[in-house]
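Letter by letter, the chains look like this.
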Amino acid sequence: MLIVGELINTSRKSIREAVENRDAAYIRDIAGKQVQAGAGYIDVNCGTLLDSEAEVMGWLVETVQEAVQAPLCIDSPDPKTLDTGLSLARFGQPVINSISGEKERYEAVLPLALKYKAKVIALCMDDGGMPVTAGDRMRVVRKLVPDLVCAGVPMGDIYLDPLIIPVGTSDQAGSEVLETIRRIKAEFPEVHIICGLSNVSYGLPNRKLLNQAFMIQTMTAGMDAYILDPLDHTMMGFYYASQALLGKDEFCMNYLSAYRNGL
Ligand code: THG
């Protein structure tokens, strides 16, 4: 199970300001807190800074690595930004966030996955646009997974992202994702499944409650990686509890040690 801390993202006001002021201490602090709280990977996203994205990515990656030795999840649609981030990532196997079935993006990002032997987050999307149903997603998965494996990406390094649509705009959005997870597990049991949780609650009140419920549901269906806010203690509590209850935590060791460490 893989937990990616999402907080270093310039779409968040505090991070945008820290980047503008090149406030390395703030970035280091957020990186350290996320690892302390249980994140195994740190997502780095500066996609809002279109004109300076690659340069800022370089600065962020170096700054984060002054604070933590965690592997990084380099989050950008731009191949140049991905390359810059990956070239500087020093600890463990990095994650590319993301590739997709869109032709241009696939062709530009695949060489980076091979060059850096990275794990790859693969969005269940192609040039046909955002998927709606489980069937839309599986049509992409059935091409994308064999293509990546044929190109030399190990099956176990692939993390499919079904793409979460707000349940407030489409009431079947959650159930279509749950169905997608079950179908992926049945057809490609070795492939991993990841998502960013916060989209599901967009536009609705008490978002954390929906995000937490969706984590438990998706984990039960077979999802095994999350991009989330590890400083949400209730979320992390549900994470450890769900793992233990699903038989994915031998002797409840992780649950117990999280409890002992005050998490
Ligand atoms: N899949 C993949 N990558 C992703 C996402 C995904 N990367 C980006 C995103 N989604 C996950 N990361 C974040 C980071 C921060 C926030 C949400 C998702 C966040 N949002 C505030 C909120 O939702 O209220 C708003 C910003 C603010 O704080 O000002 O914090 O799905 N592969």
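Residue numbers run consecutively from 1 along every chain, following the written order of its sequence. For this predicted model, a pLDDT threshold of at least 70 governs which residues receive local features, and a threshold of 80 or more governs which side-chain atom pairs are given and counted, while totals over whole chains, interfaces and linings are taken from all residues. Side-chain measures here rest on the full set of heavy atoms in the structure, leaving out hydrogens and waters.

## Observations regarding the pattern of salt bridges
Then step 1. By salt bridge we mean one thing: a side-chain nitrogen of Lys or Arg within 4 Å of a carboxyl oxygen of Asp or Glu. Enumeration over the complete set of coordinates arrives at 12 salt bridges.
Then step 2. Between Lys 33 and Asp 29 there is a salt bridge whose closest N-O contact spans 2.9 Å. Taken together, the residues Lys 33 and Asp 29, both in helix H2 (residues 24-36) and four residues apart, mark about one turn of the helix.
Then step 3. Categorising residues by exposure relies on relative accessible area from a 1.4 Å probe, with only protein chains included: less than 20% of the type maximum marks a residue as buried, more than 50% marks it as exposed, and the intermediate range marks it as partly exposed. Residue class for Asp 29 comes out partly exposed when judged on its relative accessible area of 34%.
Then step 4. We note a salt bridge from Glu 107 to Lys 103, for which the minimum N-O separation is 3.1 Å. Residue Glu 107 and its partner Lys 103 are both found in helix H5 (residues 103-115); the two are separated by four residues, about one turn of the helix.
Then step 5. Accessibility expressed as a relative area gives 53% for Lys 103, which makes it exposed. Under the scheme used here, helices are H or I runs from DSSP no shorter than 4 residues and strands are E runs no shorter than 2 residues, and both carry numbers assigned from the N terminus.

## Side note on the packing of aromatic side chains
Then step 1. Between the rings of Phe, Tyr and Trp (Trp by its six-membered ring), a pair exists once the centres lie within 6.5 Å; its type follows the angle of the planes, with under 30 degrees stacked, over 60 edge-to-face, and the other angles tilted. The final tally for this structure, using the stated rule, is one aromatic pair.
Then step 2. When the centroid spacing of 5.1 Å and the interplanar angle of 70° are considered together, the rings of Tyr 239 and Tyr 240 count as edge-to-face.
Then step 3. We call a charge positioned over a ring when the NZ of a Lys or the CZ of an Arg lies within 6 Å of the ring centre and within 35 degrees of the ring normal. Here Arg 22 stacks its cationic end above the ring of Trp 59, 5.3 Å away from the centre of that ring.

## Looking at the sheet that holds strand S2 (residues 41-44)
Then step 1. With respect to topology, eight strands assemble into a closed barrel ordered S1-S2-S3-S4-S5-S6-S7-S8, the strand pairing being parallel. Averaged over all pairs of adjacent strands, the angle between their axes in this sheet comes to 30°, without regard to strand direction.
Then step 2. Direction of pairing for strand S1 (residues 2-5) relative to strand S8 (residues 225-228): parallel, over a ladder of four bridges. Paired with Gly 5 across the bridge in S8 is Leu 228.
Then step 3. Its contacts with the sheet place H5 against strand S4 (95-100) and strand S5 (119-123), and it is angled at close to 155° to S4. Paired strands, as defined in this entry, are two strands with at least two bridges between them according to DSSP. What counts as an axis is a line fitted to C-alpha atoms, over the stretch in contact for a helix, and the angles between N-to-C directions run from 0 to 180 degrees. Every residue pair with non-hydrogen atoms within 4.5 Å of one another is taken to be in contact.

## Observations concerning the site of the ligand
Then step 1. Every one of the 13 residues lining the ligand counts as a neighbour, but Arg 12, Asp 75, Asn 97, Asp 161 and Arg 207 are closest to it.
Then step 2. Take Asp 75: an N or O atom from its side chain is 2.8 Å from a nitrogen atom of the ligand.
Then step 3. Under this definition, polar contacts are N or O atom pairs within 3.5 Å; protein pairs additionally need one hydrogen-donor-capable and one acceptor-capable atom, and for neighbouring residues in sequence, both atoms have to be side-chain atoms. Contact distances for the ligand include 2.8 Å between a nitrogen atom and a side-chain N or O atom of Asn 97.
Then step 4. Each residue gets one of three labels, nonpolar for Ala, Val, Leu, Ile, Met, Phe, Trp, Tyr, Cys and Pro, charged for Asp, Glu, Lys and Arg, and polar for the others, Gly among them. Tallied by class, the residues present in the shell around the ligand amount to two nonpolar, five polar and six charged. One heavy atom suffices: a residue is near a molecule or strand as soon as one of its heavy atoms comes within 4 Å of it.

## So, the environment of Ser 198
Then step 1. Relative to the assigned elements, Ser 198 resides in the loop between strand S7 (192-196) and helix H8 (207-221).
Then step 2. For the pair formed by Ser 198 and Leu 245, sequence separation is 47 residues and the distance between their alpha carbons is 23 Å.
Then step 3. Not counting chain neighbours up to four residues away, the residues in contact with Ser 198 comprise Glu 6, Arg 207 and Asn 211.

## Examining the pairing of strand S3 (residues 72-75)
Along any regular strand, the residues point their side chains to alternate faces of the sheet.
Then step 1. Here S3 shows a buried face lined by Leu 72 and Ile 74 and a second buried face lined by Cys 73 and Asp 75.
Then step 2. Where S2 lies against S3, three bridges are found, and the strand directions are parallel. By the bridge assignment for S3, Ile 42 is matched with Leu 72.
Then step 3. Handedness of the S2-helix H3 (residues 53-67)-S3 crossover: right-handed.
Then step 4. As paired strands, S3 and S4 are joined by three bridges and run parallel to one another. In the sheet register, Asp 75 faces S4, and the bridge partner there is Asn 97.
Then step 5. Taking the sense of rotation as the criterion, the β-α-β connection linking S3, helix H4 (residues 79-88) and S4 turns out right-handed. With the strands aimed away from the viewer, a crossover counts as right-handed if its path from the first strand over the helix to the second runs clockwise.

## What about the confidence of the model for the protein?
Then step 1. Along the chain, pLDDT gives the predictor's confidence residue by residue, from 0 to 100. In the predicted model, the protein carries a mean pLDDT of 98, and 100% of its residues have values of at least 70.
Then step 2. Within the protein, strand S6 (residues 158-161) carries the highest mean pLDDT (99), whereas helix H10 (residues 253-260) carries the lowest (96).

## Quick notes on the nonpolar core
Then step 1. Joining through side-chain atoms within 4.5 Å is the link that ties buried Ala, Val, Leu, Ile, Met, Phe, Trp, Tyr and Cys residues into a set, and such a set is a nonpolar core. Membership of the largest hydrophobic core comes to 69 residues, with the highest contact counts inside it found for Ile 8, Ile 42, Val 64, Ile 96, Leu 148, Leu 160 and Tyr 226.
Then step 2. Broken down by element, this core gets its largest block of residues, six residues, from helix H6 (residues 134-151).
Then step 3. Not counting chain neighbours up to four residues away, the residues in contact with Ile 42 comprise Val 4, Gly 5, Ile 8, Ala 31, Gln 34, Val 35, Val 64, Val 68, Ala 70, Pro 71, Leu 72 and Cys 73.
Then step 4. Of all hydrophobic cores here, the second largest spans 13 residues; its members include Leu 2, Cys 73, Ile 121 and Leu 163.

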